[in-house]
Every structure is written in C-alpha cells, then in structure tokens.
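# Structural features, examined
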Amino acid sequence: MRDTYIVGNWKMNQSLSSINEFFTEIQTLKLSTNVHGWIAPQAMHLSTCINLGAKLGIKIGSQTCSEFDDGAYTGELSCSSLKDLGVHFTLVGHSERRTIFDESHKVLNEKTKKALTNDLICIFCVGETLEQREADQTFKVVEEQIIQGLKDCTQDNILIAYEPVWAIGTGKTATPEQANEVHGFIRNLVQEKLGWDGEKQIILYGGSVKPANIAELLSCEHIDGGLVGGASLKSSDFKQLTEASQS
Ligand code: PGA
C-alpha cells in the first residue's frame, strides 16, 4: 500500500500575512501517518513556512532548484542551502518552468541529480499540452520527459507528478480514467525502462485538483495524491484535501 500525498504548489502567491493566516486556520489539521501534507511556497517564505509547518507535520519544499553547486549564478537557489534551511523537497520540471523559463530535459536532469545528491526529495513533473493530447502524443511526450529527465537517477527520493498542461489552472481536470491511464503507463515505464520498482513509485496527479474531485481521483488504482495549485492557497480547501485523503 502506497502513502498518499497532498502537495500544495503556491507558485508566486501568498504574502507573509496570508501565510500566517493560512497556518492559523489549519491549526486543527491532523495528518495520519500514511498521509503527507506538503507545501511549496515562494523561496523567501521557506523559513517561515518550515517553522509554521513543523507544528502540524507539514513538510516544506522549493518550487525549483539550481543545477549548479554554488558560485556566480545570480538569483538561483542552491540545493545545499535549501537542505541547510530545512527544506524537505523540491519540484523539478513544472510545466511553467519548462515553458516560461525554457528548462530543457538536460537541465531538468541535472537539477534532479543535484537535488538527490543533496538529499532533497524531488517531485519530477511531466505532462502533455492540449495540442499533443489531440495529436495522440501523450504517451510519447511523457515517456520522453521521464526517460531524459530521470536518466541515471535512482528511484529513492523521487516522486513523479503527472500534470496535463491543459488541466493546470484551467478548471479542466483530466477525468479520473484519463489520469489513471497515464499514471499506469508511467508506473510501467519506470519499471520497464528505468529498472525501478513500479509498484513502489509514488505518482501524483496535478491539474485543477479541488475538494470536489479529490476523492474520485484518489480512488483510482494508480493515483497516489495530488499536486495542487489554486485550491492549495485556501486553508479550508487544503484542509479538506488532506482530510479526504485520510478517509
Ligand atoms: P492547479 O495547478 O491546481 O491550479 O491547476 C496545479 C499545478 O500547477 O501544479
């Protein structure tokens, strides 16, 4: 039986005061041992969130990390400093990083390796655009993202998030069947092509996850949790999402 993960991706949102309110409002949250509630705030709020989250068992992560160790890379976040701060995980390859910031398979592979070397858990994100889905390329795109992005990586400390780009922030969720089909494909892929233990692999779904659809998504065989943008910003929704995961 795999554990369940609800991971909030706050993107470039939340202020110091809204973060304080958020954590005050979820003070009664109780996570069971097999349900993990994680949040990725903006980098300048990592420390605050680590302190506030610790009391509730909420682990905090970064939205990206640098592929370099340290040095003259203005604006970047080194994995060793993230680890020092008490950061638990990092997202790598979110579709916004791939498209807006042009992060290539090669760079994402380097980031993943750097995160793992520094003992950070890596949530590696993949997913197709609407155009690619309509052209029947979903499996091909996801396969390429995984094979190239996770090349020479070991399974330990890697979670995979399947986030169809057309479902992110659009209100359009993949149907549980659509999501489960790709998750099953990924499970098989990591087993066959990377030599990992497919049964053990945690695979999260992302794309307009909300309290109203989480139970159905989690009832699918291959879906182990959600990577949640918009709905994770509201304390009541985040609480409901984690509660739904415990039932
Ligand atoms: P969304 O974002 O839940 O707002 O669709 C998900 C994500 O980008 O991780």
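Structure first, text after, so check above.
Described in the following lines is the structure provided in the data block. (Residues numbered from 1 in each chain as written. Predicted model: local features only at pLDDT ≥ 70, side-chain atom pairs only at ≥ 80, totals over all residues. Heavy atoms only, no water.)

### Focus on the overall build of the chain
Looking only at helices and strands, one finds 10 helices and 8 strands in the chain. Expressed as lengths along the three principal axes of its C-alpha atoms, the size of the chain is roughly 45 × 45 × 30 Å. Split into buried and exposed, the 247 residues of the chain put 53% on the buried side. Taking the contacts inside the chain whose residues are at least 6 apart along the sequence as the reference set, 74% of them involve residues at least 24 apart. Carbon and sulfur atoms form 49% of the exposed surface of the chain, whose accessible area is close to 11,300 Å². Charge-centre separation for the chain: the mean point of 22 positive side chains lies 3 Å from the mean point of 32 negative side chains. (Helix = DSSP H or I, 4+ residues; strand = E, 2+ residues; numbered from the N terminus. Buried < 20%, exposed > 50% of the residue type's maximum accessible area, 1.4 Å probe, protein only. Contact = heavy atoms within 4.5 Å. Areas by Shrake-Rupley, 256 points an atom, 1.4 Å probe, with all protein chains shown as cover. Lys, Arg positive; Asp, Glu negative; His and termini not counted. Charge placed at Lys NZ, Arg CZ, Asp CG, Glu CD.)

### As for the side chain of H45
Here H45 is to be found in the loop between β2 (35–40) and α2 (46–54). For H45, a relative accessible area of 9% gives the class buried.

### Describing the packing of aromatic side chains
The final tally for this structure, using the stated rule, is 9 aromatic pairs. Where F22 meets F23, the ring centres are 5.4 Å apart and the plane angle is 70°; that geometry is what we call edge-to-face. Overall, F23 belongs to the buried group, its relative accessible area being 1%. On the basis of an interplanar angle of 5° and a centroid distance of 3.9 Å, the ring pair of F68 and Y73 is categorised as stacked. Of note, R97 hangs over the ring of F101, and the distance from its end group to the ring centre comes to 4.1 Å. (Phe/Tyr/Trp six-rings, centres within 6.5 Å; stacked < 30°, edge-to-face > 60°. Lys NZ or Arg CZ within 6 Å of the ring centre and 35° of its normal.)

### What to know about the sheet that holds β2
In spatial order, the strands read β1-β2-β3-β4-β5-β6-β7-β8; together these 8 strands close into a barrel with parallel pairing. Averaged over all neighbouring strand pairs, the angle between strand axes comes to 25°, with direction disregarded. Inspection of the sheet shows strand β1 (residues 4–9) paired to strand β8 (residues 225–228) by 4 bridges, in the parallel sense. The partner of Y5 across the bridge, within β8, is G225. (Pairing = 2+ DSSP bridges. Axes fitted to C-alpha atoms, helices over the stretch in contact; angles between N-to-C directions.)

### Quick look at the nonpolar core
Within the largest apolar cluster, 55 residues are counted, with the highest numbers of intra-cluster contacts made by F23, I58, I146, I160, I186 and Y205. It is helix α8 (residues 176–194) that provides the largest number of residues to this core, a total of 5 residues. Setting aside its immediate chain neighbours within four residues, Y205 contacts Y162, P164, A167, T173, A174, A179, H183, L217, I223, G225, G226 and L227. With 14 residues, the next largest nonpolar core counts Y5, W38, F89 and A161 among its residues. (Core = buried A, V, L, I, M, F, W, Y, C linked by side-chain atoms within 4.5 Å.)

### Some remarks on the site of the ligand
Among the 13 residues in the neighbourhood of the ligand, the closest are listed as K11, H94, E163, G169 and S208. In this structure, H94 approaches the ligand through a side-chain N or O atom, which is 2.7 Å from an oxygen atom. Within the side chain of E163, one N or O atom sits 2.6 Å away from an oxygen atom of the ligand. Classifying every residue of the shell around the ligand gives 4 nonpolar, 7 polar and 2 charged. (Near = heavy atom within 4 Å. Polar contact = N/O pair within 3.5 Å; in protein donor to acceptor, adjacent residues only side chain to side chain. Nonpolar A, V, L, I, M, F, W, Y, C, P; charged D, E, K, R; others polar.)

### Quick word on the pattern of salt bridges
Under the defined criterion, the tally for this structure stands at 12 salt bridges. E67 is the salt-bridge partner of K111, the closest N and O atoms lying 3.9 Å from each other. Of the two residues, K111 is situated in helix α5 (residues 105–117) and E67 in the loop between β3 (59–62) and α3 (79–85); the sequence distance between them amounts to 44 residues. Comparing K111 with E67, the two get one shared label, buried. A network of salt bridges, in which partner residues are shared, links R2, R187, E199 and D224. (Salt bridge = Lys/Arg side-chain N within 4 Å of Asp/Glu carboxyl O.)

### Structural notes on unusual backbone geometry
The residue D119 is not glycine, and still its phi comes out positive at about 65°. Tracing the sequence through the fold places D119 in the loop between α5 and β5 (121–126). Phi at D136 takes a positive value of approximately 60°, unusual for a residue other than glycine. Classification of D136 by relative accessible area gives exposed; the value is 74%.

Note that all results are geometric; they support no functional claim without further evidence.
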